[in-house]
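# Inside the fold
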Amino acid sequence: MSGAGVIVDGTVSGRSWRLRPADPALGATIAQRYGLPEILGRVLASRGLEPADVPAFLEPRLRDTLPDPSHLADLDRVASRLADAVVEGERIGIIGDYDVDGATSAALAARWLSAFGIVPEIAIPDRLADGYGANAELLSRLADSGCRLVLTLDNGTTAFEALAFAAARGQEVIVLDHHVAEQQLPPAYGIVNPNRPDQFGPLSHLAAVGVTFVVLAATARELRRRGFPRPLPDLLELLDLVALGTVCDVVPLDSVNRALVRQGLKVAARGARPGLAALAQVAGIETIDQSWHLSFLLGPRLNAGGRLGEPMLATRLLLAEEPGEATALAARLHELNGRRQTLERSITAAAEAAVQPQLDEDAPLLLAAGEAWHPGVLGIVASRLTERFGRPAFVVSLGDGIARGSGRSVPGVDLGALVIAAKREGLLREGGGHAMAAGITAHADRLADFAAFAAERAVAVAVGDPEPLELDGALAVAGVTADLARALDRLAPFGPGNSEPRFCLTDARIVEVREVGRGHLACVIAGTASGRVRGIAFRAAERALASALSRRGEPLRLAGRIKLERWRGEARASFEIEDAAPA
C-alpha cells in the first residue's frame, strides 16, 4: 500500500481505507528542518501545516493563542462584578452540571474563589429529579444560604423561567456557558457564552470550563487593575481541570483548546491533585499525561455519579484535599461506573435492534426509544449508535407520556441548532446542546413528528456507503516502537479538529488473542519478518472483527492507532486495532 489516495477494500468493517493525501516534499522538509521522523513530517504536512507553523503546533502556548477575551459580550461587566464580590467577600452560589465539563467548571471556580477565603455553595442538579441546569428550587436553596450572586456553569443559556424567578427575587445570576442559544436570551446579570447569537470571535469552540477559565482570568486582570493587595491564585495551576473538561466535552481542538489541554496535561502529570491522583489509581494510570487518559479512563468514571443519581460526587472528588476522602470518592465512582457499563450494554443491544428498520431504509438520522430506559446512559448509547452506524442518533426513554433523551452527532449536523429549531416549532418541551451533543424532552405523542423534523434537517449527511477510514501511513509491525509512539504523542492532544494519526500495519499476524474486560480483545501482533507489539480491539468480542483476529497466524493488514503506554515506569508502544483486511 503506497501513494496518496490508494484504497484498501474488503475490510471487516466494510469501510474502505484511504491514504490521507500529503505533499511528500513538504513532509520531508518539515522532518528535516525540525529533526523529526519522516512519518511525523508526513502527518504534519497532511494536516495542512507549513514549516513555519510547526513549532507553534508542537508546543502551543496560551500567550500565543488566547486572544483578549474582552471581545466576549458581557465579559468585562461580569469580571467587574466578580471582582466586587472578591473584594467584599460576598457569599457566592454555583449551579453546575452533572457531566465532566460542568463538574470541572464548578471545581475550577470554587478552587479559585476559595483562595480568597470565599467558599461557594455548590448545587449540582440531579439528572432524574431536577433535569438539566438551573431551576427555581436550586436558586431558592442558594438564596436561603445567603447567595445573592449565583454563577451557572455549563448551563443557564436557555433557563428562561429559572432566571426570571431569580431576577424577581433580587438574585444576580451570571451565566458562563457554551451551549447554543436562542435568539432571545434569558434575564441575567451577564451571559458570557461564545455561542450566543450576537457573539462573534475566535473562542466559539471553548467548553464551559474554558469559558470559566477565561472569565476568571479577566477577573484577575480587573483585580490587578484595582491594586488588589493580596496575592492572586495562579490560574495556570488549575489547567488540569480545564484540560479534563475540554477533552471530555469533545469540543474541537483548535489552537486555543490545544494549548489549554497541552498545558493542563503538564499540570496533571505532576499528580498534585488528590482527587485526580486517586481516580487515576483506580483506573490503572501511573501518570496522567495523555489526552486519552482523560477521555477514556477518567471521564467515564467522573460521569458515573451524575448518570446514576449521585451528581455531586465528581465535583466533590475534584475539590477533595485529603487523600483518604479522595480515595473513598474515587472508589465509589469506580463502582458506579461498573454499574453504568452493565446498563449501557443492555440498552445498547435494545437500541441497535430498534434502529435496524431505519438502517434498512437508509434514514439520515436514527432514533431509538424504549420504555423506562435508564436516562443516565442514554447519551452513551447514542454515541455507540453514532460510532457504529456513522450517522446522528437520538436515544430516548419513555414514561408517563414523556420522552426524555440524548443525541450525538457527526460532523456536518449541528444537533444543538437542530434541537433549538425543533423547540421553536413546538415539537419539544425542552432541549438544548451544542453541535455534537444535545438533550431533549418531548411529549411522547410528538416524538414521531420530532423524528421526521430531525431527519429532514439531517438529510445533508450522506447515507449508504460509510466514509473511508483515513490513514496517515503504512508501516511494518517492527516499525511500531516506543520512540515512534513518543514522536506521535507530540501531536497531541487529539480530538475533533486534530484527529489522532491512524496507520496500516502491512505484515501483521495475530499470534495470541484473549478477551479482557467487558468485550475487549487483547492480542499479540507479530510481523512477518520481525517485530512484535501488543494490540487491543475495544468492544470487539461480539463484532465481525473478532472473527478476523481469531484466525491466528493468517497474514492481515490492520488499521489503527499507535499508543504510548507506561508499565512499571517503562514506556512501550501498543496498537489499538480498529479494522482488519486480508493481506
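The structure this text deals with has already been given above.
Conventions and cut-offs
- Within each chain, residue numbers correspond to sequence positions counted from 1 in written order.
- Given that this is a predicted model, residues contribute local features only at a pLDDT of at least 70 and side-chain atom pairs are listed and counted only at 80 or more, while totals for whole chains, interfaces and linings are drawn from all residues.
- The basis for the side-chain values is all heavy atoms of the structure; hydrogens and waters are excluded.
- Strands are runs of DSSP state E lasting at least two residues, helices are runs of H or I lasting at least four, and both sets are numbered from the N terminus onward.
- Both definitions apply: the radius of gyration is a C-alpha atom measure, and the globule rule equals 2.2 Å times residues to the power 0.38.
- A simple rule labels every residue: compare its accessible area, found with a 1.4 Å probe on the protein chains alone, to the largest value its type can have, and call it buried under 20%, exposed over 50%, or partly exposed in between.
- In what follows, a contact means two residues having at least one pair of non-hydrogen atoms within 4.5 Å.
- Only buried Ala, Val, Leu, Ile, Met, Phe, Trp, Tyr and Cys residues count toward a nonpolar core, and they belong to the same one when joined by side-chain atoms within 4.5 Å.
- A pair of aromatic rings is counted whenever rings of Phe, Tyr or Trp (Trp by its six-membered ring) have centres within 6.5 Å, and the orientation is called stacked for planes under 30 degrees apart, edge-to-face for over 60 and tilted otherwise.
- Ring-over charges, as used throughout, are those where CZ of Arg or NZ of Lys falls within 6 Å of the ring centre and within 35 degrees of the ring normal.

## Some points on the overall build of the chain
Helices and strands together make up the secondary structure of the chain, namely 20 helices and 19 strands. Against the compact-globule benchmark of 25 Å for 583 residues, the chain has a radius of gyration of 24 Å, which places it among compact chains. Once the C-alpha set of the chain is aligned to its principal axes, its extents read approximately 75 × 55 × 45 Å. Among the 583 residues that make up the chain, the fraction classed as buried is 57%. Within the chain, residue pairs in contact and separated by at least 24 positions form 66% of the contacts whose partners lie at least 6 positions apart.

## As for the nonpolar core
In terms of nonpolar packing, the biggest core is built from 85 residues, with Leu108, Trp112, Leu244 and Leu298 touching the most fellow members. Among all residues touching Leu108, those that are not within four sequence positions of it are Val209, Thr212, Phe213, Leu216, Leu235, Leu238, Leu241 and Val242. Ile39, Phe503, Ile510 and Leu549 belong to the second largest nonpolar core, which has 47 residues in total.

## Examining the packing of aromatic side chains
Applying the stated criterion across every chain yields a total of three aromatic pairs. Considering the side-chain rings of Phe116 and Phe228, the 5.7 Å spacing of their centres and the 75 degrees angle between planes classify their relative orientation as edge-to-face. In this pair, Phe116 is assigned in the loop between helix 6 (100–114) and strand 4 (121–123) and Phe228 in the loop between helix 9 (208–225) and helix 10 (239–248), connecting sequence segments 112 residues apart. The exposure classification of Phe116 matches that of Phe228, with both residues buried. Among the aromatic residues, those joined into a ring-pair cluster are Trp112, Phe116 and Phe228. For the cation-ring pair, Arg258 lies above Phe57, with the distance from its terminal atom to the ring centre recorded as 3.9 Å.

## Description of unusual backbone geometry
The omega torsion across Ala492 and Pro493 is 10 degrees, close enough to zero to call that bond cis. Here Pro493 is to be found in the loop between helix 19 (482–489) and strand 15 (503–516). At Ala372, a residue that is not glycine, the phi angle is positive and equals roughly 55 degrees. Positionally, Ala372 belongs in the loop between strand 8 (366–371) and helix 16 (378–389). Exposure remark for Ala372: the relative accessible area of 65% places this residue in the exposed category. Phi is positive for Asp400, close to 55 degrees, though the residue is something other than glycine. Relative to the elements of secondary structure, Asp400 occurs in the loop between strand 9 (393–399) and strand 10 (402–408).

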